[in-house]
There are 2 protein chains.
Amino acid sequence: MARPREFDEKEALAAIRSTFWDRGYSATSVDDLVRATGLGKGSLYGAFGTKREMFVRALSEYCVAALTFAEARLHGDDAGALGRLHAYVGVMVKGIVNSKRGCLLAKAIAELAGDDPEIDRMVSGFYRRYEDVLAGVIRQSKPSRKAGDDDEAQRQASLLVAVLRGLESMGKGGVPAATLHGIAETALAALR
Amino acid sequence: MARPREFDEKEALAAIRSTFWDRGYSATSVDDLVRATGLGKGSLYGAFGTKREMFVRALSEYCVAALTFAEARLHGDDAGALGRLHAYVGVMVKGIVNSKRGCLLAKAIAELAGDDPEIDRMVSGFYRRYEDVLAGVIRQSKPSRKAGDDDEAQRQASLLVAVLRGLESMGKGGVPAATLHGIAETALAALR
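Residues numbered from 1 in each chain as written. Chains lettered and ligands numbered in written order. Predicted model: local features only at pLDDT ≥ 70, side-chain atom pairs only at ≥ 80, totals over all residues. Heavy atoms only, no water.

1. What to know about the relation of the copies chain A and chain B
The transform that puts chain A on chain B rotates by 180 degrees and translates by 0.0 Å along the axis, for an RMSD of 0.0 Å. Interpreted geometrically, this transformation is the action of a two-fold axis. Closest approach to the rotation axis within chain A is made by the C-alpha atom of Gly166 of chain A, at a distance of 1.9 Å. Comparing interface residues between copies, 100% of those in chain A also sit at the interface in chain B, which points to an isologous, same-surface contact. (Least-squares fit on C-alpha atoms with pLDDT ≥ 70 in both. Contact = heavy atoms within 4.5 Å.)

2. Some words on empty space enclosed by the protein
Enumeration according to the criterion identifies one cavity of 30 Å³ or more in this entry. A volume near 160 Å³ is recorded for the largest cavity. Taken together, 16 residues form the lining of the largest cavity, with Ala106, Ala110 and Ser169 of chain A together with Ala106 and Ser169 of chain B sitting closest to its centre. At the level of elements, α6 (104–112) and α8 (149–172) of chain A together with α6 (104–112) and α8 (149–172) of chain B are the ones that each hand at least two residues to the lining of the largest cavity. Its residues placed into classes, the lining of the largest cavity shows seven nonpolar, three polar and six charged. (1 Å grid on protein atoms, 1.4 Å probe; cavity = no way out; pocket = protein on both sides within 12 Å on 5 of 7 lines; lining within 4 Å. Points joined across faces, edges and corners; volume = space filled by probe spheres on them. Helix = DSSP H or I, 4+ residues; strand = E, 2+ residues; numbered from the N terminus. Nonpolar A, V, L, I, M, F, W, Y, C, P; charged D, E, K, R; others polar.)

3. Quick notes on the nonpolar core
Counting 124 residues, the largest nonpolar core has Leu85, Leu105 and Leu134 of chain A together with Leu85, Leu105 and Leu134 of chain B as the members making the most contacts within it. What Leu85 of chain B contacts, discounting residues up to four positions off in sequence, is Leu74, Leu134, Val137, Ile138, Leu160, Leu188 and Leu191 of chain B. (Core = buried A, V, L, I, M, F, W, Y, C linked by side-chain atoms within 4.5 Å. Buried < 20%, exposed > 50% of the residue type's maximum accessible area, 1.4 Å probe, protein only.)

4. So, the confidence of the model for chain A
Chain-level pLDDT for chain A is 91 on average; 97% of the residues reach the 70-or-more range. In the model output, the complex is listed with pTM 0.89 alongside ipTM 0.87. (pLDDT = per-residue confidence, 0-100.)

5. A few points about the interface of chain A and chain B
Each side of the interface is counted separately: chain A has 33 residues, and chain B has 33 residues. Viewed at the interface, chain B and chain A are joined by zero salt bridges. Counting across the interface, chain A meets chain B through four residue pairs in polar contact (both at pLDDT 80 or more). At the level of secondary structure, the elements contributing two or more residues to the side of chain A that touches chain B comprise α6, α7 (117–141), α8 and α9 (177–189) of chain A. Among the elements that make up the side of chain A that touches chain B, the one with the highest residue count is α8 of chain A (twelve residues). Residues of the side of chain A that touches chain B, tallied by class, amount to 17 nonpolar, ten polar and six charged. (Salt bridge = Lys/Arg side-chain N within 4 Å of Asp/Glu carboxyl O. Polar contact = N/O pair within 3.5 Å; in protein donor to acceptor, adjacent residues only side chain to side chain.)

6. Regarding the layout of surface pockets
Residue and element names in this part refer to chain B. Looking at the largest pocket, its volume works out to about 790 Å³. Along the walls of the largest pocket sit 33 residues, with Gly95, Ser99, Gly102, Cys103 and Glu168 positioned nearest its centre. Elements that contribute at least two residues to the lining of the largest pocket include exactly α1 (9–23), α4 (51–74), α5 (81–98), α6, α7 (117–141) and α8. For the lining of the largest pocket, the leading source of residues is α5, giving seven residues. Across the lining of the largest pocket, the residue classes tally to 16 nonpolar, seven polar and ten charged. Considering only enclosed or pocket space, the second largest pocket measures out at about 440 Å³ in volume.

7. Comments concerning the packing of aromatic side chains
Describing an aromatic ring pair means giving the distance of the ring centres and the angle of the ring planes. Residues and elements named next belong to chain B. Across all of its chains, the model carries 14 aromatic pairs over all chains by this definition. Ring geometry for Tyr25 against Phe55: centres 5.1 Å apart, planes inclined by 65 degrees, an arrangement best described as edge-to-face. Of the two residues, Tyr25 is situated in the loop between α1 and α2 (30–37) and Phe55 in helix α4; the sequence distance between them amounts to 30 residues. In this structure, Tyr25 and Phe55 share a single accessibility class: buried. Plain terms: the ring middles of Phe69 and Tyr88 are 6.2 Å apart, the flat faces sit at 40 degrees to each other, and that makes the pair tilted. Of this pair, Phe69 sits in helix α4 while Tyr88 is found in helix α5, placing the two residues 19 residues apart along the sequence. (Phe/Tyr/Trp six-rings, centres within 6.5 Å; stacked < 30°, edge-to-face > 60°.)

8. A word on the side chain of Arg165 of chain B
Relative to the helices and strands, Arg165 of chain B resides in helix α8. Residues contacting Arg165 of chain B, with those up to four places away along its chain left out, are Gly166, Ser169 and Met170 of chain A together with Cys103, Leu105, Ala106 and Tyr127 of chain B.

9. Regarding the packing of α4 of chain B against α5 of chain B
Residue and element names in this part refer to chain B. Here α4 crosses α5 at 145 degrees, and the two axes come no closer than 9 Å. Contact residues: α4 offers Phe69, Ala70, Arg73 and Leu74, while α5 offers Arg84, Leu85, Tyr88, Val91 and Met92. Among the residues making up the contact of α4 with α5, the classes are represented as seven nonpolar, no polar and two charged. (Axes fitted to C-alpha atoms, helices over the stretch in contact; angles between N-to-C directions.)

10. So, the pattern of salt bridges
A side chain of one charge can pair with a side chain of the opposite charge if their charged atoms are brought near each other. Tallied over the entire structure, the rule returns 24 salt bridges over all chains. A salt bridge links Glu152 of chain B to Lys142 of chain B, with the nearest nitrogen and oxygen atoms 3.1 Å apart. With a gap of ten residues between them, Glu152 of chain B in helix α8 and Lys142 of chain B in the loop between α7 and α8 connect regions that are remote in the sequence. Three or more residues joined by partner-sharing salt bridges are found here, namely Glu9, Arg57 and Glu61 of chain A.

11. Comments concerning the environment of Val133 of chain A
Residues and elements named next belong to chain A. For Val133, the position within the fold is in helix α7. Relative accessible area serves as the criterion here: at 16%, Val133 is assigned to the buried category. Between the C-alpha atoms of Val133 and Leu74, which are 59 residues apart in sequence, the distance is 7.7 Å.

Take a look at the structure:
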C-alpha cells in the first residue's frame, strides 16, 4: 500500500489525542497510533517524535484548549461576572455528566503524574493559570471592593478548582447528575 | 522450582493490590502478578479468579479500608465533632502530599469507570457511604439543631467529598502542599 507523503497534521494529532484519551498512555501501543492516524510508523515518528512526545503534545494542547475555553466564557464586564461564573460551572458540570471518557488531564494525572517531571510541570502550570482565570471573575463579582477581597477571591478560586476536579472524578465514577449539580450550587453559594 | 501449596492469602492480596496500584489495570499483566505474589499462574487463578476479579477485589478492599479509617477518625461525641473533622481532613491532605502513588480509587476511576458496571456500582456506593460518614460528623458539629440542618449537613458533606477528591488529583498533579492545605481550610471554614 502506498504511504501518503503528505497528511493533515491537525487530523493526525486529533487521532493521536483521541487514542490516548480512550486507552490511557501505557495501554496505547505505537501500532494503535499507526492504526488511528493511518500513517506509517516512520512518518508518525518523523512528524511527532516518540510515543511519550506525542502524549505530552496531546496533553499540552488539551490544557491550552481548556484554558482558552474558560477564558472565553469568563471574560467580560464586572456586572455580568457572577452570571458568567455560574453559567461556566453549569456547562462544566453538564460536560462531566455527558462525557463518556472523562477528562484527559485527570487520566494523565492518575496514570503518570509523579513519574514524569515534564508532565508535573505542565499540570501544575495548568492549575495555576486556571485558578487565576477563576480568581479574576470572582474578584469582578465582589460587589464592593474591600481590602482582602483579592486574597479571598484567590482562595475561593483555588477551592473552586478543587471542587471542579472532584466533580470530574465523581461524575466519571457514576455519581448521579443531580448530586453533582447540587455540589456545584453549594460551592457557588459559598462564594457570596 | 517447587511451587508452595499453601500461601498467605492476605500477603498475596497485598502484593496484587500494590501491583495494580503502581501500574494501573491495563498495564498489569498476569505475569506481573505472578512475579509480585511469587505464586504460580495456576495457584493465582485458582485462589483469586481472573485478572479483572483480582482488581475488583483489591479495589473493594481498598474502599472498605478507606471508609473504616474515616469512621474510626470521625466517630465520637458532639462536642469533639468539629475538631475530629478538622483533624481528619488534615490527615487526608498530609496523606495526599506524602503519597507517591496517589489513590487507587482515583486511578481506577480514571482508567475504568464508565466501562465496567460493577466498578461503577462500587465507586458510587463508596461515595454515598463516604458522604454519609462526613454528613454525620458535620451534623454533630452544628451548635444548635435547627430545621434544615440535616439537609445542609448532607450538602456540605457532598461538597467536602468533591473537595477531597479534587485535592487528591491536584496533589498528584504536583500542586504545592501549602495550596492544598489552604484549600482544605477554606472548605472547612465554609462549614460554619
